[in-house]
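Close look at the chain arrangement
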Amino acid sequence: MLFIIITVLGLLAVLFRQTYLRFRETSAAEEKRPGALSPKAYWTWLRNRPKAVFTKESYKRAENIFRDWTANHYPGRAKWIFIGLGLSFLYQVASGLFFAVFIPRGMFGLPLLGHMGMGGLFGLSLAVLLMWRGRAYRPDKEETEIPFPQTVLFWAFAAFGLIQVATALGSMLPVFTFETQQAFIAVHRYSALAILLAALIFIDIAFIPQRRP
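Our subject in this report is the structure included herewith. Here the structure is a predicted model, which means the values were calculated and not measured. (Residues numbered from 1 in each chain as written. Predicted model: local features only at pLDDT ≥ 70, side-chain atom pairs only at ≥ 80, totals over all residues. Heavy atoms only, no water.)

Let us now look at the nonpolar core. In this structure, Trp69, Phe89, Phe122, Leu129, Phe157 and Phe202 are the most contacted members of the largest nonpolar core, which totals 29 residues. When residues in this core are grouped by element, the largest group, nine residues, is from helix α7 (residues 178-206). (Core = buried A, V, L, I, M, F, W, Y, C linked by side-chain atoms within 4.5 Å. Buried < 20%, exposed > 50% of the residue type's maximum accessible area, 1.4 Å probe, protein only. Helix = DSSP H or I, 4+ residues; strand = E, 2+ residues; numbered from the N terminus.)

All right, on to the packing of aromatic side chains then. Taken as a whole and judged by the stated rule, the model has 21 aromatic pairs. Aromatic pair Phe16 and Tyr20: ring centres 5.8 Å apart, planes at 20°, arrangement stacked. Highlighted residues: Phe16 and Tyr20, both in helix α1 (residues 2-26), separated by four residues, approximately one helical turn. Judged by relative accessible area, Tyr20 falls into the partly exposed class, the value being 25%. Ring-pair connections join several aromatic residues into one group, and the members of that group are Phe16, Tyr20, Phe23, Tyr42, Trp43 and Trp45. (Phe/Tyr/Trp six-rings, centres within 6.5 Å; stacked < 30°, edge-to-face > 60°.)

Let us now look at a nonpolar patch on the surface. Taken together, the side chains of Leu110, Leu112, Leu113, Met116, Leu169 and Met172 define a hydrophobic patch exposed on the protein surface, amounting to about 610 Å² of accessible area. Those elements that provide at least two residues to the nonpolar patch are α5 (109-133) and α6 (148-172). Ranked by the residues each element gives to the nonpolar patch, the list is headed by α5, at four residues. Its location among the elements puts Met116 in helix α5. (Patch = residues over 30% accessible without salt bridge, like charges linked within 9 Å, V, L, I, M, F, W, Y side chains within 5 Å. Areas by Shrake-Rupley, 256 points an atom, 1.4 Å probe, with all protein chains shown as cover. Salt bridge = Lys/Arg side-chain N within 4 Å of Asp/Glu carboxyl O.)

No statement about biological role is implied by the geometric values presented.
Encoded structure:
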């Protein structure tokens with residue numbers, strides 16, 4: 001129950017923060033107008049966002065952003081690193097959080113087998129990603145190359161990703177006691193939430209163009 005509460009609050013907090021920052025960017029030109037940045041104006045803006053986001057133009061824009069991103073950072077066959085990591089991450093998040101939040105007994109059956117298989121792909125993709133892009137996110141890099149927040153989020157994603165792999169393996173090895181394996185599962189769940197929040201913020205600041213006033 002505690003994990004469910006923390007998950008809901010964590011997701012709501014990140015979504016509120018990122019959408020409110022977007023709202024501030026959008027309303028920057030009208031900042032001096034009374035009520036332009038009021039809670040009522042924010043909720044009105046938020047209520048109208050689905051109409052602006054779920055359009056053909058938005059899908060086309062997202063496709064172009066993805067194409068440019070892979071062309072610049074994952075050219076040629078290297079794009080499969082990005083695709084493999086993305087697909088495995090999405091499946092793990094969808095299956096893991098769904099069972100953790102809505103199914104008291106936890107994951108089982110075919111979803112569990114798929115989760116384990118995708119976990120292997122995620123671990124492999126993450127290792128290759130760190131070898132391919134790790135040097136670009138060195139902390140000593142100039143911020144003009146990659147903004148510092150993106151660097152922090154990249155390494156947070158990597159760190160929690162490694163925790164995901166280690167705890168998944170630890171929970172299946174017979175060398176650990178049952179209590180230790182249960183602890184591994186708990187850490188696995190919370191690190192999954194942390195990696196999801198880091199990914200959401202990274203996607204928002206790295207992929208979605210910033211609006212200029």
